[in-house]
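Overview (structure and organization)
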Amino acid sequence: MPVIVLLRHGVSSANTAGILAGRAPGVSLTDQGVSALRDTLQMLPQRHFSRLLHSPLMRCEQTAQIAASAVTADSVAAVDDLIELDYGEWTGRSLKELGSEELWKTVVESASQARFPGGESIAEAADRAVSQVRTVVDELRAEERSDEEKRGHSTEDREGRAERWALLVSHGDIIKAIIADALAMPLDDFQRISVAPGSFTVIDFSGPRPVLTAMSVTAAGLSEGSAPGGGGLR
């Protein structure tokens, strides 16, 4: 029963400033972001994870460190495929300013066709992130089978199934792309999804198709932003 928990980094200095941080260095969590994140982590449906993987950017590394103090994990590692979109020349610009760019309409309405000037396309980012999740799910399934073999075949052992969970710390648009794939939603519609800073999303991969069991859960609720959820370019 592989289960993936997607944790968006906590509120950062760029979030509060309305800046598209992208891969810019030195973007850290705010004090509010740290406090809200700690509260939200108490709501996680699982306390032990086979893996705690995170984007290598500072705000996600900080988030992973805080998460590691609230849960246990067999391994912790930075994973490049979970890194934020490379927004190229859009990096560091205000979201209000970017809303007047001609490309903005494509980003919002036809995301699969959008490539940021001097940067990455949304489709490329979605492909790498989804591929990483599928790899982790396959690994967890293999470990579950191994666990069940080790447990033997006694009546007591058969009453419970081995299950493995992974906690992945990433960014708004990356998480939205993973959710869209799990729901078999076209990438062009992924802007219909919103995930708040410091929120977690749960996807159950135990059956023949992924099941989204929770999305954008935070202890703070709407106090994290002026709109429900928030997240990514929205």
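Just so it is clear, the model here is predicted, and its values are computed rather than measured.

**Quick word on the layout of surface pockets**
- As a volume, the second largest pocket reaches approximately 160 Å³.
- Around the second largest pocket, the lining is made up of 14 residues, and of these Arg134, Val137, Asp181, Phe205 and Pro210 lie nearest the centre.
- Looking at the lining of the second largest pocket, the elements with two or more residues in it are α6 (122-151) and α8 (172-182).
- It is α6 that provides the largest number of residues to the lining of the second largest pocket, a total of 6 residues.

**Comments concerning the pairing of strand β8 (residues 211-217)**
- One ladder, built from 4 bridges, connects strand β7 (residues 200-204) with β8; its direction is antiparallel. In the sheet register, Phe200 faces β8, and the bridge partner there is Val217.
- What sits between the antiparallel neighbours β7 and β8 is a turn of 6 residues.

**Quick look at the packing of aromatic side chains**
- Taken as a whole and judged by the stated rule, the model has 4 aromatic pairs.
- Here Tyr87 and Phe116 contribute two aromatic rings whose centre-to-centre distance is 4.9 Å and whose plane-to-plane angle is 80°, an arrangement assigned as edge-to-face. Of this pair, Tyr87 sits in the loop between β5 (76-78) and α4 (95-98) while Phe116 sits in the loop between α5 (102-109) and α6, placing them 29 residues apart in sequence. You'll find Tyr87 and Phe116 in the same group, each marked buried.
- A centroid spacing of 6.2 Å and a plane angle of 20° characterise the contact between Trp90 and Trp104, whose relative ring orientation is stacked.

**Quick notes on the side chain of Gln132**
- Inspection of the secondary structure puts Gln132 in helix α6.
- A relative accessible area of 13% places Gln132 in the buried class.
- If we skip the residues at most four places from it in the chain, Gln132 touches Leu53, Val79, Asp81 and Leu82.

**Points about helix α2 (residues 31-41)**
- Along α2, the residues that are buried comprise Gly33, Ala36, Leu37, Thr40 and Leu41. Viewed along the axis of α2, the buried residues span an arc of 135°, placing them on a single side of the element.
- Buried residues belonging to α2 abut β1 (3-8), α3 (58-70), β7 and β8.

**Description of the pattern of salt bridges**
- This structure, assessed with the given rule, holds 14 salt bridges.
- Asp147 is the partner of Arg164 in a salt bridge, and the nearest nitrogen-oxygen pair spans 2.8 Å. Here Arg164 is found in the loop between α7 (155-158) and β6 (165-170), whereas its partner Asp147 is found in helix α6, with 17 residues between them in sequence.
- Here Asp147 falls in the buried class, since its relative accessible area comes to 18%.

**Here we look at the sheet that holds β5**
- Across the sheet, which stays open at both edges, the 6 strands sit in the order β5-β3-β6-β1-β7-β8 with mixed pairing between neighbours. Looking along the sheet, the strands with just one partner apiece sit at the ends: β5 and β8. Adjacent strand axes in the sheet meet at a mean angle of 15° when their direction is disregarded.
- When strand β3 (residues 51-54) meets β6, the two strands line up parallel, connected through 4 bridges. The partner of Arg51 across the bridge, within β6, is Ala166.
- Packed on one face of the sheet, α3 meets β1, β3 and β6 and runs near 160° to β3.
- Along the sheet, α6 makes contact with β1, β3 and β6, crossing β3 at roughly 170°.

Conventions we followed
Each chain carries its own residue numbering, running from 1 in the written order of its sequence. Where totals are concerned, whole chains, interfaces and linings use all residues; where local detail is concerned, this predicted model gives features only for residues with pLDDT of at least 70, and gives and counts side-chain atom pairs only at 80 or more. Computation of side-chain values covers all heavy atoms of the structure but excludes hydrogens and water. Detection works on a 1 Å grid of protein atoms alone, calling trapped sets that fit a 1.4 Å probe cavities and calling open sets with protein on both sides within 12 Å along at least five of seven lines pockets, with lining residues defined by an atom within 4 Å of a point. Grid points are joined across faces, edges and corners, and a volume is the space filled by probe spheres set on the points. In this description a helix means any DSSP run of H or I spanning at least four residues, a strand means any run of E spanning at least two, and both kinds are numbered starting from the N terminus. Two strands pair under a simple rule: DSSP has to find at least two bridges between them. Each Phe, Tyr or Trp ring, with Trp reduced to its six-membered ring, pairs with another whose centre is within 6.5 Å; inter-plane angles below 30 degrees give stacked pairs, above 60 give edge-to-face pairs, and intermediate values give tilted ones. For the exposure calls, accessible area comes from a 1.4 Å probe over protein chains only, and a residue counts as buried if that area is under 20% of its type's maximum, exposed if over 50%, partly exposed in between. Should any heavy atoms of two residues lie within 4.5 Å, those residues are counted as being in contact. The arc in question is the one traced by the directions running from the helix axis out to the C-beta atoms. Within this document, salt bridges are pairs made up of a side-chain nitrogen of Lys or Arg and a carboxyl oxygen of Asp or Glu, the two lying within 4 Å of each other. Inter-axis angles, ranging from 0 to 180 degrees, are taken between N-to-C directions of lines fitted to C-alpha atoms, where helices are fitted over the stretch in contact.

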